[in-house]
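Tertiary structure, described
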Amino acid sequence: MAGSPSRAAGRRLQLPLLCLFLQGATAVLFAVFVRYNHKTDAALWHRSNHSNADNEFYFRYPSFQDVHAMVFVGFGFLMVFLQRYGFSSVGFTFLLAAFALQWSTLVQGFLHSFHGGHIHVGVERPQLEKSKHRQGSVYHSDLFAMIGTIFLWIFWPSFNAALTALGAGQHRTALNTYYSLAASTLGTFALSALVGEDGRLDMVHIQNAALAGGVVVGTSSEMMLTPFGALTAGFLAGTVSTLGYKFFRPILESKFKVQDTCGVHNLHGMPGVLGALLGVLVAGLATHEAYGDGLESVFPLIAEGQRSATSQAMHQLFGLFVTLMFASVGGGLGGLLLKLPFLDSPPDSQCYEDQVHWQVPGEHEDKAQRPLRVEEADTQA
């Protein structure tokens, strides 16, 4: 059941109109501003007398594929733990990612690749008490969510290394991420059993906190973190994330009425802040002796003598505060936007339910699925 007839009629137009508007606006901006860069344009590439083997595509495309596998498969399936929200988890991740990759081309192009009037491209708080029963998982939904976890775990080194300089920096980034993920996995299993009921593991911890190692070295993985440093950071991140899921998440729900369904604060928030502070520490320890000629690719201003290691560390710390400011303002504006009436947010009792937006097989015959009760009093999310 998808809701009242008037709500269903409105929903019939909302998504098509939104998709058509966004795709149309993006297409116009692409037509006006986006062009191939010199490594992609047929005439410009061959005019420079390069061989095909010199094209950066052959070095970058494997990472390009890995990152897209993370986004479309990893993050999509990670969210299917919600027992009646699997279609939406995978389907809407697919939709949002397809638009985001176009929009990111424009935003990054205007910020980094805009010259000659064109962008040159290449491969480079809701209170949902009535829906609380749907936030749980069942055996098969947790099993499918682990597919997402495994994909993310495997491809996270490529994710962190994709934008780093080719050579030693990219190699070092992949290794540091790899070891950090391994250590966070062991830390997660250890803490989950330690704080779990009767010493048993909690699948929510394993699905999420095991990935905290990839988050915590996001800033410092290109630096001379050392394998020992990567292991230490990963184990600490897995520990902190697991404790967040066990103890801090219930406090957010009971005391502050904040429902972090996907555990973003525990997987990305706390390990992300921890990783930023780790970046401050490692940047402050950067020396010519440790990096040699590689210092120029990681900290060019230090290599050129324009900035000290201490000054670089302070800039890293300032970057953390700027990030938190943008996150707070952006999150607040996003919340206000979602409360606008014309967006027709689903009522409380219909959240986390695939039948609101999808045709679910057997929805009329399956007695095991309790139909939505439209008549019950709803509170807007």
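Before reading on, note that the structure itself is shown above.
Residues numbered from 1 in each chain as written. Predicted model: local features only at pLDDT ≥ 70, side-chain atom pairs only at ≥ 80, totals over all residues. Heavy atoms only, no water.

Membership of the largest hydrophobic core comes to 36 residues, with the highest contact counts inside it found for Trp156, Tyr291 and Phe299. At the level of elements, helix 3 (57–78), helix 5 (139–161), helix 8 (212–216), helix 9 (227–255), helix 10 (264–284) and helix 12 (295–298) are the ones that each hand at least two residues to this core. For Phe299, the residues in contact, after removing those within four places along its chain, are Met223, Ala283, Ala286, Tyr291, Gln312 and Gln316. (Core = buried A, V, L, I, M, F, W, Y, C linked by side-chain atoms within 4.5 Å. Buried < 20%, exposed > 50% of the residue type's maximum accessible area, 1.4 Å probe, protein only. Helix = DSSP H or I, 4+ residues; strand = E, 2+ residues; numbered from the N terminus. Contact = heavy atoms within 4.5 Å.)

Between its first and last C-alpha, helix 4 (residues 86–112) extends 37 Å over 27 residues, near the 39 Å set by a 1.5 Å rise per residue. Within helix 4 the residues assigned to the buried category are Ser88, Ser89, Gly91, Thr93, Ala97, Gln102, Leu106 and Gly109. (Expected span 1.5 Å × (residues − 1).)

With 30 residues, helix 14 (residues 309–338) extends 43 Å between its outermost C-alpha atoms, agreeing within 8% with the 44 Å of an ideal straight helix rising 1.5 Å per residue. Among the residues of helix 14, Ala309, Gln312, Ala313 and Leu320 are the ones counted as buried. Packing partners of the buried residues in helix 14 comprise helix 10 and helix 13 (300–303).

Topologically, Ser141 is positioned in helix 5. The contact partners of Ser141, leaving out residues within four places of it in the chain, are Val80, Phe81 and Gln83.

Another aspect to go through is the environment of Trp153. Topologically, Trp153 is positioned in helix 5. Once you skip the residues sitting within four places of it in the chain, Trp153 turns out to touch Tyr178, Leu181, Ala182, Thr185, Ala210 and Leu211.

This part takes up the packing of helix 9 against helix 10. Their axes nearest at 9 Å, the elements helix 9 and helix 10 cross at an angle of 140°. The orientation of helix 9 with respect to helix 10, classified from their angle, is oblique. Read as a crossing pair, helix 9 and helix 10 show a hand that is right-handed. Counting all contacts with helix 9, which are made through Ala233, Leu236, Ala237, Val240, Ser241, Gly244, Tyr245, Phe248 and Arg249, the residues of helix 10 involved are His265, Asn266, Leu267, Met270, Pro271, Leu274 and Leu278. Per-class residue counts for the contact of helix 9 with helix 10 are eleven nonpolar, four polar and one charged. (Axes fitted to C-alpha atoms, helices over the stretch in contact; angles between N-to-C directions. Parallel < 35°, antiparallel > 145°, perpendicular 65-115°, else oblique. Left-handed = near helix turned anticlockwise from the far one by under 90°. Nonpolar A, V, L, I, M, F, W, Y, C, P; charged D, E, K, R; others polar.)

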